[in-house]
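Examination of the molecular architecture
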Amino acid sequence: MEGNMKKTSAKKVIATLGTILVLLLTAGPGIARDIGIWVGYGWGFSNSGKQYEQRVMGDSLCYVTRTMRDGMDIRVRFSSKKSPVGYSFELSRQSYHESDIELYQGIEQWRYEFSDRFVYCGGIVDYSFFPKKKLDPYVGVGLLKLLYLDIFGSGPPEYPANFAVKLLGGVRYKLRTWANVDVSANYLPANGIVSLRLGLELIL
């Protein structure tokens with residue numbers, strides 16, 4: 001089957017993030033700030049074995065299933081040392097496995113397997129409950145824009161959503177003054193994706 005692909009200029013996004021980061025790093029020494037670069041890896045789980053596009057043709061039943069797989073996030077977070085609120089730019093990739101299946105009188109006739117993926121880019125605002133403690137729980141919300149879509153299967157054209165709200169909650173553990181370990185749960189209601197992430201945040 002032919003794949004469906006959608007791309008946006010990733011170079012423009014990366015250049016914009018880089019420019020903002022350089023400006024903040026070179027700002028006057030009087031500005032109180034922490035700049036954290038967060039790199040995370042996680043596993044998405046949702047819609048496991050869920051059926052899409054079910055079609056009945058005589059004695060045959062055709063449907064598509066989709067199972068979330070691994071994902072990766074790169075996040076640049078900005079926050080004042082005097083404030084529990086942080087602002088982040090995030091680039092996240094999620095891969096998933098898709099199967100096209102046909103059953104004839106309840107017996108599987110054929111199955112096609114596909115490995116698909118998509119990338120989101122957007123902003124996140126988070127609130128830390130104990131920013132000065134070693135263990136710091138937080139909650140956040142973000143708005144993401146679909147940046148790249150690579151689907152080789154026959155999944156629904158509206159999946160994933162072009163814009164998606166992201167809800168997250170997690171805990172940062174301070175390893176050093178310049179490094180945190182971050183564990184978080186993320187939820188994208190528009191796509192029904194729940195994922196767990198484990199990441200390392202370096203504070204500049």
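What you are looking at is a predicted structure, and each value in this text was computed from that prediction instead of being measured. (Residues numbered from 1 in each chain as written. Predicted model: local features only at pLDDT ≥ 70, side-chain atom pairs only at ≥ 80, totals over all residues. Heavy atoms only, no water.)

What follows concerns the overall build of the protein. Along its length, the protein carries 1 helix and 10 strands. Secondary structure elements of the protein, listed N to C terminal, follow the sequence β-α-β-β-β-β-β-β-β-β-β. A buried classification covers 41% of the 204 residues belonging to the protein. For the protein, the exposed surface amounts to about 11,200 Å²; the carbon and sulfur share of it is 65%. (Helix = DSSP H or I, 4+ residues; strand = E, 2+ residues; numbered from the N terminus. Buried < 20%, exposed > 50% of the residue type's maximum accessible area, 1.4 Å probe, protein only. Areas by Shrake-Rupley, 256 points an atom, 1.4 Å probe, with all protein chains shown as cover.)

Another aspect to go through is the packing of aromatic side chains. Under the definition given, this model contains 3 aromatic pairs. Between Phe-78 and Phe-89, the ring centres sit 5.9 Å apart and the planes meet at 80°, which makes this aromatic pair edge-to-face. Taken together, the residues Phe-78 in strand 4 (residues 60–79) and Phe-89 in strand 5 (residues 85–104) connect sequence positions 11 residues apart. Among the residues examined, Phe-78 registers a relative accessible area of 11% and is labelled buried. With a centroid separation of 5.7 Å and 80° between ring planes, the pair formed by Phe-118 and Tyr-120 is classed as edge-to-face. (Phe/Tyr/Trp six-rings, centres within 6.5 Å; stacked < 30°, edge-to-face > 60°.)

Bringing the pattern of salt bridges into the picture now. Under the criterion given, the structure shown has 11 salt bridges. For Asp-73, the salt bridge is made with Lys-166, and the minimal N-O distance between the two is 3.9 Å. You can see Asp-73 sitting in strand 4 and its partner Lys-166 sitting in strand 8 (residues 163–176), a full 93 residues away along the chain. Summarising the burial analysis for this pair, Asp-73 and Lys-166 share the class buried. For Glu-201, the salt bridge identified is with Arg-172, shortest N-O distance 3.6 Å. Of this pair, Glu-201 sits in strand 10 (residues 193–203) while Arg-172 sits in strand 8, and the two are 29 residues apart along the sequence. Comparing Glu-201 with Arg-172, the two get one shared label, buried. Salt bridges sharing common partners tie together Arg-77, Asp-126, Asp-136, Arg-172, Asp-182 and Glu-201. (Salt bridge = Lys/Arg side-chain N within 4 Å of Asp/Glu carboxyl O.)

The grouping of Tyr-87, Val-125, Val-141, Leu-143, Phe-163, Val-165, Leu-167 and Tyr-187 at the surface amounts to a nonpolar patch, some 720 Å² of accessible area in total. Elements with a contribution of two residues or more to the nonpolar patch: strand 7 (135–151) and strand 8. It is strand 8 that provides the largest number of residues to the nonpolar patch, a total of 3 residues. As for its placement among the helices and strands, Val-141 is situated in strand 7. (Patch = residues over 30% accessible without salt bridge, like charges linked within 9 Å, V, L, I, M, F, W, Y side chains within 5 Å.)

A word on the side chain of Glu-90. Note on placement: Glu-90 falls in strand 5. Within the structure, Glu-90 has its side chain in polar contact with the side chain of Lys-166 (distance 2.6 Å). Among residues more than four places away in sequence, those in contact with Glu-90 are Asp-73, Ile-74, Arg-75, Tyr-120, Cys-121, Gly-122, Ile-124, Leu-144 and Lys-166. (Polar contact = N/O pair within 3.5 Å; in protein donor to acceptor, adjacent residues only side chain to side chain. Contact = heavy atoms within 4.5 Å.)

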